[in-house]
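Residue-level listing of the chains:
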Amino acid sequence: MKILTIVGARPQFVKAAIVSRALQNQPGLQECVVHTGQHYDHRMSQVFFDELQIPAPSHQLQVGSASHGEQTGRMLAELERVMIEESPQVVLVYGDTNSTLAGALAAAKLNIPIAHVEAGLRSFNRRMPEEINRIVTDHVSTLLFCPTPAAVGHLKNEGVVDGVRLVGDVMYDSSKFFAQAAESRLNPVGELRLTPQNFVLMTCHRAENTDDPQRLAEIIAAANDLSAELPVVFPVHPRTRKMLAASSTPIAANFLLVEPISYLEMLLLERDAALLLTDSGGVQKEAFFFGTPCVTMRDETEWTETIEVGANILAGANAVQILAACHQQLNRSEPLPEAGPWYGEGQASERIAQVLLEEISQGSS
């Protein structure tokens, strides 16, 4: 029984790595991986396949970057061709990228069942391309693998109840497994000459921040000011670096812009940081998994649980608000709660593999 897995961007490589391991442990399941090429830079793509031992893609589409419409259209045409050639029993998609949307649409048009990992997440901000992608994908999917009870509730509110499964968060599985695996062979904190619990780790890549000169300027101003107190380490996404260069924004001496780092290095930096400053959905959760306080430079988040328990603070893109939130988190006196009650017990990938085996077997009988 063949599963066609579609990946194309860094967050999907991470999720696919842990689920692929679970699929390999289920006799009777055959996985065929398709890489759309949405992320094509070596540090954003191939290094993940090498480092996380993801099965080599059977198809490399090399779509590359373009506007949302053009990129999605290219993927849609190429993925339709691959699906006709491979004839899978189910198409497996992850998250909320253009690769996810294109895979779901192509499969729906060909009447192939779709399984969506990270179903039911909502920011309730339809200006975000990711929000459109996840809503459309959920509404054409056959199996909807939800990471949290809140995600199940969102789908129910939209009238989606068939095929919904609460399995837990595959990124919780991945963080636990790969952080332990990385510990014995990597030391990014030492290589960057940092002291554990005495630096801030920052990520910033969302178009709402990087493509808006005012928001980007506010974020950089906050990071510059914060770096006077603690080193701020910023692995810079290629698109963000381009925007920074165009803005000619000054960078403080203790605000360290570095090249993109591997997933395993990122996990160890997240674990050892005093604070995470981010606009990434995945990093918000990983911070919670490791008990590292987080400040999110967005106006909303899909991961409302992190806000409710105080693990995360929404600060938007205002320098004053960002700094105030950072100080609040750095000065907190109580440890963060465990993430397990919200995100499962670290067995989401095994549950997904079991459900896929059962559903595919029933569908083919």
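Residues numbered from 1 in each chain as written. Predicted model: local features only at pLDDT ≥ 70, side-chain atom pairs only at ≥ 80, totals over all residues. Heavy atoms only, no water.

Colleague: Before we go on, may I ask you to explain the packing of helix α10 (residues 213–226) against helix α15 (residues 319–330) in this structure?
Modeller: The geometry of a pair of packed helices is captured by two quantities: the angle between their axes and the separation between those axes. The geometry of α10 relative to α15 is characterised by a closest axis approach of 8 Å and an angle of 40° between their N-to-C directions. Classified by the angle their axes make, α10 and α15 are oblique. Handedness of the crossing formed by α10 with α15: right-handed. Taking contact as the criterion, the partners of Glu218, Ile219, Ala221, Ala222, Asp225 and Leu226 in α10 are, on α15, Ala319, Ile322, Leu323, Cys326 and Leu330. Within the contact of α10 with α15, the residues separate by chemical class into nine nonpolar, no polar and two charged. (Axes fitted to C-alpha atoms, helices over the stretch in contact; angles between N-to-C directions. Helix = DSSP H or I, 4+ residues; strand = E, 2+ residues; numbered from the N terminus. Parallel < 35°, antiparallel > 145°, perpendicular 65-115°, else oblique. Left-handed = near helix turned anticlockwise from the far one by under 90°. Contact = heavy atoms within 4.5 Å. Nonpolar A, V, L, I, M, F, W, Y, C, P; charged D, E, K, R; others polar.)

Colleague: I tried to follow the nonpolar core on my own but got confused; where do I start?
Modeller: Most often, soluble globular proteins keep nonpolar side chains buried together rather than apart. Core analysis: the biggest nonpolar cluster contains 37 residues, and Phe145 and Leu356 have the highest contact counts within it. Going through the elements one at a time, β1 (2–7), α1 (10–24), β4 (90–94), β5 (114–117), β6 (143–146), α7 (170–183), α12 (263–272) and α17 (348–364) are the ones with two or more residues in this core. Counting residues per element, this core draws most heavily on α1, at eight residues. Formed jointly, this core draws a minimum of three residues from each of two domains, domain 1 (2–168 + 347–363) and domain 2 (178–343). When near neighbours in sequence (up to four residues on either side) are disregarded, leucine 356 contacts Ile3, Leu23, Val90, Ala115, Leu143 and Phe145. Within the second largest apolar cluster, 28 residues are counted, among which are Leu230, Val236, Leu275 and Ala317. (Core = buried A, V, L, I, M, F, W, Y, C linked by side-chain atoms within 4.5 Å. Buried < 20%, exposed > 50% of the residue type's maximum accessible area, 1.4 Å probe, protein only. Domains from an automatic or database assignment.)

Colleague: Help me understand the packing of aromatic side chains, please; the structure alone is not making it clear to me.
Modeller: Within this structure, the stated rule accounts for eight aromatic pairs. Considering the side-chain rings of phenylalanine 288 and tyrosine 343, the 6.1 Å spacing of their centres and the 80° angle between planes classify their relative orientation as edge-to-face. Placement of the pair is phenylalanine 288 in helix α13 (residues 281–290) and tyrosine 343 in helix α16 (residues 340–343), with a sequence separation of 55 residues. Accessibility classification places phenylalanine 288 together with tyrosine 343 in one group, the buried group. Clustering of aromatic rings is evident, with ring pairs tying together Tyr172, Phe288, Phe289, Trp303, Trp342 and Tyr343. (Phe/Tyr/Trp six-rings, centres within 6.5 Å; stacked < 30°, edge-to-face > 60°.)

Colleague: So what exactly am I meant to see when it comes to the packing of α12 against α13 here?
Modeller: As a packed pair, α12 and α13 sit with axes 9 Å apart at the nearest point and diverge in direction by 55°. If you check the angle between α12 and α13, you find them oblique. Here α12 and α13 pass one another in a crossing that is right-handed. Along its contact with α12, which presents Tyr263, Met266, Leu267, Glu270 and Arg271, the element α13 presents Val283, Glu286 and Phe290.

Colleague: Explanation requested: the sheet that holds β6 in the structure shown.
Modeller: Strands pair in a sheet through their backbones, by hydrogen bonds, and they do so in one of two ways: parallel or antiparallel. As summarised here, the arrangement of the seven strands in space is β3-β2-β1-β4-β5-β6-β7, forming an open sheet in which the pairing is parallel. Because the sheet does not close on itself, it has two edges, and the strands there are β3 (59–60) and β7 (164–166). As paired strands, β5 and β6 are joined by three bridges and run parallel to one another. Looking across to β6, one finds that alanine 115 is bridged to leucine 143. (Pairing = 2+ DSSP bridges.)

Colleague: Mind showing me how you'd approach the sheet that holds strand β11 (residues 275–278) here?
Modeller: With respect to topology, six strands assemble into an open sheet ordered β10-β9-β8-β11-β12-β13, the strand pairing being parallel. A strand with exactly one partner marks an edge of an open sheet, and here the two such strands are β10 (255–258) and β13 (312–314). Taken pair by pair, the neighbouring strands of this sheet meet at an average axis angle of 20°, ignoring direction. Where β11 and strand β12 (residues 294–296) come together, three bridges link them in parallel fashion. Pairing of leucine 277 across the sheet is with valine 295, part of β12.

Colleague: Would you mind showing me how to read the domain arrangement of the chain here?
Modeller: When the parts of a complex come together, some accessible area is lost, and that lost area is often used as the size of the interface. Partitioning the chain into domains gives domain 1 (2–168 + 347–363) and domain 2 (178–343). Here the C-alpha centre of domain 2 lies 26 Å away from the C-alpha centre of domain 1. Residue-level contacts link 24 residues of domain 1 with 23 residues of domain 2. Between domain 1 and domain 2, roughly 1900 Å² of surface is buried when both sides are summed, and carbon and sulfur atoms account for 58% of that area. (Buried area = accessible area lost by both parts, 1.4 Å probe.)

Colleague: Quick question: what am I supposed to make of the pattern of salt bridges here?
Modeller: Any two side chains of opposite charge can pair, so long as their charged atoms come close to each other. Counted by the stated rule, this structure contains 21 salt bridges. With a closest N to O distance of 2.3 Å, arginine 74 and glutamate 70 form a salt bridge. Taken together, the residues span about one helical turn, with arginine 74 and glutamate 70 both in helix α3 (residues 68–86) at a distance of four residues. With relative accessibility at 34%, the residue arginine 74 sits in the partly exposed group. Exposure remark for glutamate 70: the relative accessible area of 40% places this residue in the partly exposed category. (Salt bridge = Lys/Arg side-chain N within 4 Å of Asp/Glu carboxyl O.)

Colleague: How should I be thinking about unusual backbone geometry in this particular structure?
Modeller: Glycine aside, the phi torsion of most residues is negative, and most peptide linkages are trans. With a phi angle near 65°, phenylalanine 124 is a residue other than glycine that sits in the positive phi range. When you line up the elements, phenylalanine 124 lands in the loop between β5 and α5 (129–140). Its identity is not glycine, yet arginine 193 carries a phi of approximately 60°, on the positive side. Along the chain, the position of arginine 193 falls in the loop between α8 (188–191) and β8 (200–202).

Colleague: Please explain the side chain of aspartate 279 as it appears in this structure.
Modeller: Residue position: aspartate 279 is located in the loop between β11 and α13. Notably, aspartate 279 is buried but unbridged: the nearest opposite-charge side chain belongs to arginine 206, and the N-O separation is 5.1 Å. Setting aside residues no more than four positions away along its own chain, aspartate 279 makes contact with Thr203, Cys204, His205, Arg206, Asn209, Met297 and Arg298. (Lys, Arg positive; Asp, Glu negative; His and termini not counted.)

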